[in-house]
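What follows is the residue order along each chain.
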Amino acid sequence: MPELLKKFLTGSVIGLFIGFLIGWGSNIDGFFIDSLLDGYEYRSYDSRMKAKASGSEEGMIDDIVIVDIDQNSVDMLGNYHDWPHAHHGKLIDVVSSGNPSAIIFDIIFDPEITWSYDLMKETSKSISDDQMDLSQEIDRYFDVNDPLRFLISTAASDRVFHSLIFEPEDSIVFKYKMDAEPEGYDYIKHILQIPRDQADHLPQADRLGNTHIELLSNSYGVGSANFPQDVDGLTRRSPTAIYFEGPGHAYPSLTMAAAMKLLDIPDDGLNYDFEQKILILTNRQGENVREIPIDEKGRVYVNFFGTYKVFSYLPYAYCMDPDLLSPEYWEGKVVLVGTSLPGLMDLRNTPVQETFPGVEIHANVLYSILNNSFVNPTSNLTNFLVIIVACIFVGMAVSLPSKPVWSIPIPLVSIAVWIIFTYDQFFSQLVMWEIIRPSLGMSATFVGMFVFNLTIAEKDKRFLKSTFGNYISPELIDQMYDDKQEPKLGGESGYHTAWFSDIQSFSSFSEVLEPEKMVRLMNEYLTEMTDILLKQKGTLDKYI
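Residues numbered from 1 in each chain as written. Predicted model: local features only at pLDDT ≥ 70, side-chain atom pairs only at ≥ 80, totals over all residues. Heavy atoms only, no water.

Check the secondary structure of the protein chain and you find 19 helices and 20 strands. By sequence separation, contacts in the protein chain at least 24 residues apart represent 75% of the contacts at least 6 residues apart. When the accessible surface of the protein chain is split by element, carbon and sulfur atoms take 56% of a total near 29,400 Å². (Helix = DSSP H or I, 4+ residues; strand = E, 2+ residues; numbered from the N terminus. Contact = heavy atoms within 4.5 Å. Areas by Shrake-Rupley, 256 points an atom, 1.4 Å probe, with all protein chains shown as cover.)

The following block contains the structure:
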């Protein structure tokens, strides 16, 4: 077998073995290597997403408007926790006057405490007709604080969506698993029609944490506002639906609920293919309008279109005043109501920023669905094949150089090329290739080949050099190794030149020199002569 082919085969086998070991062995669920490499893979994804989002400008996307409960709004309207629900009803009325596509509340509401309002109602009954000024003040109070206004405004609109919050069971604080939706909740119009075998893959929920059941029942649509965190605390993925296990009902995420209205998707229009990891959205006309890449739990990777405030932000207090913004401003816009205030506990850690408003994560997910722009992770099979091919390639390439040290640049260049390729694919097509495992595989293949060369392939050469290195030039030893010539007794016949070197008058001056000087002189002379001899590819026979 030709020597080059033998090297190729050796490199291929070593690459195949290491590729299989990395591709399969590092993906065993529960094995610490799997979670360790996944953590590094997440970081490589974060760096790509952060680089992609870094070129954004504030407010560059205005199709989605975030009505922000910010510091300005709190300064104008007082402590948020003291706001009457009538504020939200007024906001709905003002925004709805401009015909928006959807109004989505990323806020969890509890029933309003109306003691003050009820007391004022009772007090107003005793006001006499001659107390007109007081009567007008009370009427203004009723208008600003009417607890029914929020419910009425919600019920009157077919574009208002409210948030559901799902919780795990916690028997320590008496939050037990629910077997049904809370009493009084008209949930039928809000649930998805998904086959049980698909619903079982979705994130599971034990409890529905909402208490303002009347508000949910009057809402056109509802959806889960839950965002899962990965093990390192970052929010990278968003559920498309949640399976409420007790009653056996599936609910859309908040953004999916709004997207279903905007894309005309019926409640049975979500078809999950967990083998291909694709969610297909089918509209009422039977057309497949979206194919969304999902993970094993039906979650979608958040495509961050920029850093904080890449979407248009407006202070909540300004949006309540119909005189500050023309109704035409809201025409066709999707309005998300949420907060960026740290004290209201809706800031998340994301790949693009450490403190990022949860409402803007919803905005990114919804904008991604509406514009059919999704992060597309490569499949496990594709990742496995990439690792195998990369390791075989490096194994073959590393086997080419005659000296192992000359092969060091090969894995470095290969890894650099792979990283450049993955970044280009992510920026241009949002394809998320793995970086860590292929790079680890290429590095391990190089190490494997290096060890093989040192321990096996170079063993004969090291023997020749250690045995004859002082007598035969390195070039001749390399030639003997390359030609597979083993040292043998009996010699070899041929035409050769014998060369003798003598030192004139050696006996005379050796008798008068001191032994130490004599040794120093001979070492200098013999070293010089030996170097010349070996340089000319001669063979040293003996020193006499």
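Next comes the rest of the description.
Sheet architecture is open: six strands sit in the order β7-β3-β2-β16-β1-β15, paired in parallel fashion. At either end of the open sheet lies a strand with only one pairing partner, and these are β7 (221-224) and β15 (311-315). Ignoring strand direction, the axes of neighbouring strands in this sheet form an average angle of 25 degrees. Sheet topology places strand β3 (residues 160-164) next to β7; four bridges connect them, and they run parallel. Its bridge partner lying in β7, Phe-161 is registered against Gly-221. (Pairing = 2+ DSSP bridges. Axes fitted to C-alpha atoms, helices over the stretch in contact; angles between N-to-C directions.)

Moving on, we get to the packing of helix α10 (residues 254-262) against helix α12 (residues 358-370). Each pair of packed helices gets described by two things: the angle between the helix axes and the distance between those axes. α12 packs onto α10 with a crossing angle of 30 degrees between their chain directions and a minimal axis gap of 9 Å. Note on packing geometry: the crossing formed by α10 with α12 is right-handed. Contacts from Leu-254, Thr-255, Met-256, Ala-258, Ala-259 and Leu-262 of α10 reach α12 at His-362, Val-365, Leu-366, Ile-369 and Leu-370. (Left-handed = near helix turned anticlockwise from the far one by under 90°.)

Below, the discussion takes up the pairing of strand β9 (residues 241-244). Of the two faces of β9, the one carrying Ala-241 and Tyr-243 and the one carrying Ile-242 and Phe-244 are both buried. In the sheet, β9 pairs with strand β10 (residues 249-252) via four bridges, with the strands oriented antiparallel. The partner of Tyr-243 across the bridge, within β10, is Ala-250. Adjacent in sequence and paired antiparallel, β9 and β10 are bridged by four residues, among which Gly-248 carries a positive phi angle near 75 degrees. (Buried < 20%, exposed > 50% of the residue type's maximum accessible area, 1.4 Å probe, protein only.)

Turning our eyes to something else, we now look at the pattern of salt bridges. Evaluation of the coordinates by the stated rule reveals 17 salt bridges. For Arg-48, the salt bridge is made with Glu-41, and the minimal N-O distance between the two is 3.8 Å. Just as Arg-48 is buried, Glu-41 falls in that class too. Between Asp-93 and Arg-149 there is a salt bridge, and its shortest N-O distance comes to 3.2 Å. (Salt bridge = Lys/Arg side-chain N within 4 Å of Asp/Glu carboxyl O.)

For the coordinates displayed, the defined rule picks out 26 aromatic pairs. A centroid spacing of 5.1 Å and a plane angle of 80 degrees characterise the contact between Tyr-329 and Trp-330, whose relative ring orientation is edge-to-face. Owing to a relative accessible area of 27%, Tyr-329 belongs among the partly exposed residues under this scheme. Each member of the aromatic cluster is reached from another via a ring pair, and the members are Tyr-45, Tyr-301, Tyr-423, Phe-426 and Phe-427. Above the plane of the ring of Tyr-329 lies Lys-333, whose end atom (NZ or CZ) is 5.1 Å from the centre. (Phe/Tyr/Trp six-rings, centres within 6.5 Å; stacked < 30°, edge-to-face > 60°. Lys NZ or Arg CZ within 6 Å of the ring centre and 35° of its normal.)

This part is about the side chain of Glu-434. Among the structural elements, Glu-434 can be located in the loop between β20 (431-432) and α15 (436-457). At 3.4 Å, the side chain of Glu-434 forms a polar contact with the side chain of Arg-437. What Glu-434 contacts, discounting residues up to four positions off in sequence, is Glu-41, Thr-378, Asn-383, Trp-418 and Thr-422. (Polar contact = N/O pair within 3.5 Å; in protein donor to acceptor, adjacent residues only side chain to side chain.)

Taken together, the three strands give an open sheet; going across it, the order is β11-β12-β13, and neighbouring strands pair in antiparallel fashion. Every interior strand has two partners, whereas the edge strands, β11 (270-273) and β13 (288-293), have only one. The average undirected angle you get between the axes of adjacent strands in this sheet is 20 degrees. Pairing analysis gives five bridges linking strand β12 (residues 278-282) to β13, with the strands arranged antiparallel. By the bridge assignment, Thr-282 is partnered in β13 with Asn-288.

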